[in-house]
Amino acid sequence: MTPENKGTAQLTTAMVLSGTLGLFVVESGAPPFDVVFFRVLFGALALGSYVVARGWLRGHGFTPRTLALAVLGGVFIVFNWVLLFQSYENTSISVATVVYHTQPFYVVLLGALLFRERLTAAKVGWIVLAFAGLVLVSGVTPGDFASGGAYLTGIGQALLAALLYGLSTLVTKRITGVRPHLIALVQVLVGIPLLLPFADFGAMRGTGWDWGWLAGLGLIHTGVMYVLMYAAYAQLPTSKIAVLAFVYPAVAMVMDWAVYGHHIGLVQALGVPLIVTASLKVTLARTPAAAPAPRTAGRAPGAASRTATPAASEA
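Residues numbered from 1 in each chain as written. Predicted model: local features only at pLDDT ≥ 70, side-chain atom pairs only at ≥ 80, totals over all residues. Heavy atoms only, no water.

Caption draft 1: Focus on the environment of Y106. Along the polypeptide, Y106 turns up in helix 6 (residues 103–115). A C-alpha to C-alpha distance of 5.9 Å links Y106 and L163, two positions 57 residues apart in sequence. Those residues in contact with Y106, other than ones at most four positions away along the chain, are G111, F131, L159, A162 and L163. (Helix = DSSP H or I, 4+ residues; strand = E, 2+ residues; numbered from the N terminus. Contact = heavy atoms within 4.5 Å.)

Right under this line is the structure:
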């Protein structure tokens, strides 16, 4: 098997796992803050064990500045998960996941706003097309704005989650010379003290499968999935990464339909290809910016970091 074929298999597996994330969240039956708390707790155990086993804590490459950036990215990514999981409750896994996939457009817009990155007319056009697709997918009508309600709140939560993901991506892109596994480990470790005041342990008195779903979110969707993704990124061109990223929402929509009977309507479905096409165009247009950071002198080939939260990948 060639390295690219191996990377394709690894990333496809990671995206399939990511597509089952909503199922684990809903089946756990826990409040969103508790779900994320235990995800980062079990995820820290999984990633920490992997990092220690590989001996990557020695010569980690962090400086005070890059460690601070990793911590800031962790704050964004943790609350991004909370908002996304709340959106599952108020809309559906399908709708929340598709709306959440506006992440790449926030990365472009925030990059232009905060870091004066070049914003071309073509990118603006694709972003406009994507948000037209977003309007269709959301199924929101003018009457929803007048009456409010949980559904509209859920759409807003998915959009805010995507915004926080975009901020995390921009922050993490500025960390060089550090393995992405270590950046991700810092991000989940940050979530433990950050979410501890919000966790409702009184609601976590169940046993059995409830805890199995929560452990799975940390061990599978944070540990195994991240390891597979980062291994794949080192072997694949950006174009293939961008295409395979859409395995995630496709699987999420199939799972939502198969398990819960939820599916988007015909008019909503018309918005999906608009978002997918625009996302691919914008992501591929950012290829130079998404390339691996230059190697740090004297470090192993894998030490230079790719973004720990790539522009259109995992939840």
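Structure shown, so let's carry the discussion forward.
Caption draft 2: Focus on the packing of helix 6 against helix 14 (residues 266–285). Interhelical geometry of helix 6 versus helix 14 gives an angle of 40° and a closest axis separation of 9 Å. Looking at the two axes, helix 6 sits oblique to helix 14. Between helix 6 and helix 14 lies a crossing of left-handed hand. Residues P104, F105 and V108 of helix 6 pack against I275, A278, S279, V282 and T283 of helix 14. Considered class by class, the residues forming the contact of helix 6 with helix 14 number six nonpolar, two polar and no charged. (Axes fitted to C-alpha atoms, helices over the stretch in contact; angles between N-to-C directions. Parallel < 35°, antiparallel > 145°, perpendicular 65-115°, else oblique. Left-handed = near helix turned anticlockwise from the far one by under 90°. Nonpolar A, V, L, I, M, F, W, Y, C, P; charged D, E, K, R; others polar.)

Caption draft 3: Quick peek at the packing of aromatic side chains. In the structure shown here, the tally under the stated rule is 13 aromatic pairs. With centroids separated by 5.0 Å and ring planes inclined at 20°, the aromatic side chains of F33 and F198 adopt a geometry described as stacked. Residue F33 is located in helix 3 (residues 32–54), and its partner F198 is located in the loop between helix 10 (180–195) and helix 11 (209–233); the two are separated by 165 residues in the primary sequence. F33 sits in the partly exposed class, given a relative accessible area of 23%. Between the aromatic rings of Y50 and W56, the centroid separation amounts to 5.6 Å while the plane-to-plane angle is 80°, which identifies the pairing as edge-to-face. The exposure class of Y50 is partly exposed, given its relative accessible area of 25%. (Phe/Tyr/Trp six-rings, centres within 6.5 Å; stacked < 30°, edge-to-face > 60°. Buried < 20%, exposed > 50% of the residue type's maximum accessible area, 1.4 Å probe, protein only.)

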